[in-house]
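Descriptive analysis of the structure
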Amino acid sequence: MLPAGNNNSGFNLKKAEIAIDKFLKMQSYGSSLMERLCLEAGPRPPGSSGIKMARKMLAEEYKNAGIGLIHTEAVTFATKDQITSELYVSKTDRSAGIHCESLACINSASGNVTAKLFYGNNLSIDDLYSLGKQATAAVLLVNATEVTGGKLQPMQKKVALAQAAGAAAIIFIGQHPTLPALYFINKSHIPVLSVSAGDGKKLIKRCQNRDVSVSMQVKGRSRTVKCSNWIAEMGPASAASDIIVACAHLDHFSISPGAVDDLSGVVTLTMAARAIAPFSSFFRRRMRLILFTGEEFGYVGSKQYVREHAEELNRIKLVLSLDCMFKSTAEGLAVMWAPKMKNYLA
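What you see is a predicted model, and the numbers here were worked out from it, not measured in a lab.

What counts, and at which threshold
- Residues numbered from 1 in each chain as written.
- Predicted model: local features only at pLDDT ≥ 70, side-chain atom pairs only at ≥ 80, totals over all residues.
- Heavy atoms only, no water.
- Helix = DSSP H or I, 4+ residues; strand = E, 2+ residues; numbered from the N terminus.
- Contact = heavy atoms within 4.5 Å.
- Expected span 1.5 Å × (residues − 1).
- Buried < 20%, exposed > 50% of the residue type's maximum accessible area, 1.4 Å probe, protein only.
- Arc of directions from axis to C-beta.
- Core = buried A, V, L, I, M, F, W, Y, C linked by side-chain atoms within 4.5 Å.

With respect to the environment of Val212
Positionally, Val212 belongs in the loop between helix H6 (197-209) and strand E10 (213-218). For the pair formed by Val212 and Val89, sequence separation is 123 residues and the distance between their alpha carbons is 7.1 Å. Apart from residues lying up to four places away in sequence, Val212 is in contact with Val89, Ala115, Lys116, Leu117, Arg206 and Cys207.

Structure representation (structure tokens):
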């Protein structure tokens, strides 16, 4: 973005060095901003007062940094209703019931199901082959993790495989000891529930010990929420200029402020914006900073952005997605699911 050298460009290298040094000293301010967003805004489900408060606080940060070109783009989508579904290990043993939220699967079918329970592991093709005809009309107990053996297996694919095998329903096992998995399912024609890792272990043990039937009552209601993508821009505004996108997502579930996922990316993006804003007049490319909404509910905000900006996608030369920053990302770039990118980052 910055011109090479400083001859005849008006670019002051000394000023840049001072700004970079100032940026490196921003860690304490970034920590303070993170703390304020966690405590004052709190959890940030799309459309909530928390996400609105966070957006207001960040707008003030960008304004103070001299970034005035800020706008929002409306996003409307369905999210789950806060209701309780029920799961019992057998039709008669009501004391063994496990109460859990319906998965954040907006289009999960509602219904009452009583059927044999079988453990489907990660529900790969091999797992389904091992189950054979047992999967038909059964409730499949499946690990909710989306990465197995270094390979990405989205939740939606697991649902599709279960439906194709004729399963009656799915129970996803989360990774948190006490909380159910909070994944988004775009479409499901069979009931879907989620249990915590602790309850999942109990169910797996029962599957291994003897034939087990489960009764499920699933309420797959949803509600419409209105939210928005938040966009700030710097650099040349020419319709012909290339675009660099740096983005993070502002939304999270209602169970926590989501400090790592993804306030770590939001705060990193904000601190970087503060550091480079004084030099935006020297940018050769348009710098677009985006805080997406609905990421946790199926990348809703980013998908809508791509649809609505289709005519300018060929101008976008690089996208930096800041999602869940950790030690490795502080030392370099983490490339996920795109090994060929290492050829461009060497």
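A short note on H6
In a regular helix each residue adds 1.5 Å, so 13 residues correspond to 18 Å; H6 covers 18 Å between its end C-alpha atoms and thus fits that length. Every buried residue of H6 is listed here: Ala197, Asp199, Gly200, Leu203, Ile204 and Cys207. Take H6 and look down its axis: the buried residues cluster within an arc of 155°, on one side only. Structural note: H6 exposes Lys201, Lys202, Lys205 and Asn209 on the side pointing more than 90 degrees away from its buried face.

Description of unusual backbone geometry
Following Asp261, the chain continues to Asp262 via a peptide bond in cis, the omega torsion being 5°. Tracing the sequence through the fold places Asp262 in helix H7 (residues 259-276). A positive phi angle, near 55°, is found at Leu123, a position not held by glycine. Within the element layout of this structure, Leu123 appears in the loop between strand E4 (111-119) and helix H4 (125-131).

Regarding the nonpolar core
Leu37, Tyr62, Leu250, Leu289 and Leu291 are the most contacted members of the largest nonpolar core, which has 31 residues in total. Within the residue set of this core, elements represented by two or more residues are helix H2 (27-41), helix H3 (49-64), strand E11 (222-234), strand E12 (243-249), H7 and strand E13 (286-292). Here this core gets six residues from one element, more than from any other, and that element is H7. When residues no more than four places from it in sequence are discounted, the contact partners of Leu291 are Leu58, Ser228, Asn229, Trp230, Ala248, Leu250, Val266 and Leu269. Counting residues in each nonpolar core, the second largest holds 19 residues, with Leu117, Ile173, Leu203 and Cys207 among its members.

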